[in-house]
Amino acid sequence: MPETSSVFKIRPIEPRDDLAVAGIIRSVMPEFGAIGDGFAINDPEVDWMSRAYGAARSSYFVIEHAGAIQGGGGIAPLEGGDDDTCELRKMYFLPSLRGLGAGAALMARCLDSARGFGFRHCYLETLAGMDAARRLYERSGFRRIDGPLGATGHGGCNTFYLLDLQVKSPFR
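First, a word on what this report is: a plain description of the structure on this page. Each chain carries its own residue numbering, running from 1 in the written order of its sequence. Predicted model: local features are reported for residues with pLDDT of at least 70 only, side-chain atom pairs are reported and counted for 80 or more only, and whole-chain, interface and lining totals are derived from all residues. Here the side-chain values reflect all heavy atoms present in the structure, with hydrogen atoms and water set aside.

### Examining the overall build of the chain
A count of helices and strands for the chain gives 4 helices and 8 strands. The buried label goes to any residue with under 20% of its type's maximum accessible area, the exposed label to any with over 50%, and the partly exposed label to all in between, with areas taken from a 1.4 Å probe on protein chains only. Residue burial in the chain is summarised as follows: out of 172 residues, 50% are buried. Relative to all contacts within the chain whose residues are 6 or more apart in sequence, the contacts with residues 24 or more apart total 66%. We get accessible surface area from the Shrake-Rupley algorithm with a probe of 1.4 Å; when it comes to residues, only the shown protein chains can shield them. By element, 53% of the accessible surface of the chain is carried by carbon and sulfur atoms, the whole surface being about 8100 Å². Only DSSP runs of H or I reaching four residues or more are called helices, and only runs of E reaching two or more are called strands; each is numbered from the N terminus. Here, two residues are considered to be in contact whenever any of their heavy atoms come within 4.5 Å of each other.

### Observations concerning helix α3 (residues 102–116)
Taking 1.5 Å per residue as the helical rise, α3 with its 15 residues ought to reach 21 Å, and the 21 Å between its terminal C-alpha atoms agrees with that figure. Downstream of α3 by a residue or two, G118 has a phi angle that is positive, lying close to 90 degrees. Here, expected helix span is obtained from the residue count minus one, scaled by 1.5 Å.

### Focus: the pairing of strand β3 (residues 59–65)
Look at any regular strand and the pattern is simple: side chains alternate between the two faces of the sheet. The element β3 is extensively covered by neighbouring structure, given that 6 of its 7 residues are classed as buried. Paired strands, in this sense, are two strands between which DSSP finds at least two bridges. Examined bridge by bridge, strand β2 (residues 8–12) and β3 share 5 bridges and lie antiparallel to one another. In the sheet register, K9 faces β3, and the bridge partner there is E64. Sheet topology places β3 next to strand β4 (residues 68–77); 7 bridges connect them, and they run antiparallel.

### Structural notes on the side chain of K90
Summarising the element assignment, K90 is placed in strand β5 (residues 85–93). Using a relative accessible area of 5% as the deciding quantity, one classes K90 as buried. A distance of 2.9 Å separates polar atoms of two side chains, one belonging to K90 and the other to E45. Contacts described as polar in this section are N or O atom pairs within 3.5 Å, which, within protein, must combine one atom able to donate a hydrogen with one able to accept it, while residues neighboring in sequence count only if both atoms come from side chains.

### Regarding the pattern of salt bridges
Pairing is possible between side chains that carry opposite charge, provided their charged atoms lie close to one another. For this analysis, a salt bridge means a side-chain nitrogen from Lys or Arg found within 4 Å of a carboxyl oxygen belonging to Asp or Glu. Evaluation of the coordinates by the stated rule reveals 11 salt bridges. Its salt-bridge partner being R11, residue E14 comes within 3.8 Å of it at the nearest N-O pair. Exposure remark for E14: the relative accessible area of 30% places this residue in the partly exposed category. For E87, the salt bridge is made with R89, and the minimal N-O distance between the two is 4.0 Å. As far as the burial class goes, E87 and R89 line up, both buried. By sharing partners, the salt bridges in this structure join K9, R11, E14, R16, D17 and E64 into a single network.

### What about unusual backbone geometry?
One non-glycine residue with positive phi stands out, namely R57, at about 55 degrees. Examined against the element boundaries, R57 turns out to sit in the loop between α2 (49–52) and β3. Residue classification places R57 among the partly exposed positions, given a relative accessible area of 27%. Positive phi, close to 50 degrees, is recorded for K90, a residue that is not glycine.

### Observations concerning the pairing of strand β8 (residues 159–164)
For β8, a buried count of 5 out of 6 residues is recorded, marking the element as mostly surrounded by other parts of the structure. Here strand β6 (residues 121–126) runs beside β8; their pairing, made up of 6 bridges, is antiparallel. Each residue of the ladder has a partner; that of H121, found in β8, is D164.

### Concerning the environment of L165
You can see L165 is positioned in the segment after β8. Each C-alpha atom, one on L165 and one on C86, is 10.0 Å from the other, the two residues being 79 residues apart in sequence. For L165, the contacting residues outside a window of four places in its chain are C86, L111, A114, R115, F119, R120, H121 and C122.

See below:
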C-alpha cells in the first residue's frame, strides 16, 4: 500500500521502476566519491532492483515526487550476517527530493518492513561525507559501531551503524 504525503508517494518497487532507480544510484553515488571498487554503484543488482528485492525477507521502496521516481531504499538480510540482522540498502535521493521529509518517511517504511520480517537488528554502511544521511540514521536510533558486519563487499564504505529494531523508533 503506498504511503502518500502532499509532496511525495512511497510504494514498493515494480519492474517498470528498475531503469529509474539504477539512474538515481548512478547519479547520486558519484556526488560523494563512491564510484570505484567496493561501492554499491557496482553491484549487479543495480540494474534489476525489483527482482533482487523480490527475494525472501527483502523489500525495496521507491519515492515518487513531481511525477517521477526520485529516490528509493530497501532492506534485505545482511549477507554473511546473523539471521536476525538485515541491512538498510541503496537508500538514495535525487537533490530535488532532499529536505522534504522523504528520508524519515522512507526510513520508517523500511524499518517497519524489517520488523515485519522478524529481524531484530538493522545494519548499514555509509561514507563519512554523507552528513545528511548520517544525521537521519542517528535520528532514527542507529548507533555507530567500530567496524563492518557481514560480507557486503562494500569495502569502500568507512562508517558503520547498527539499530536494535526492538527499541521504538522516533519515526514509528
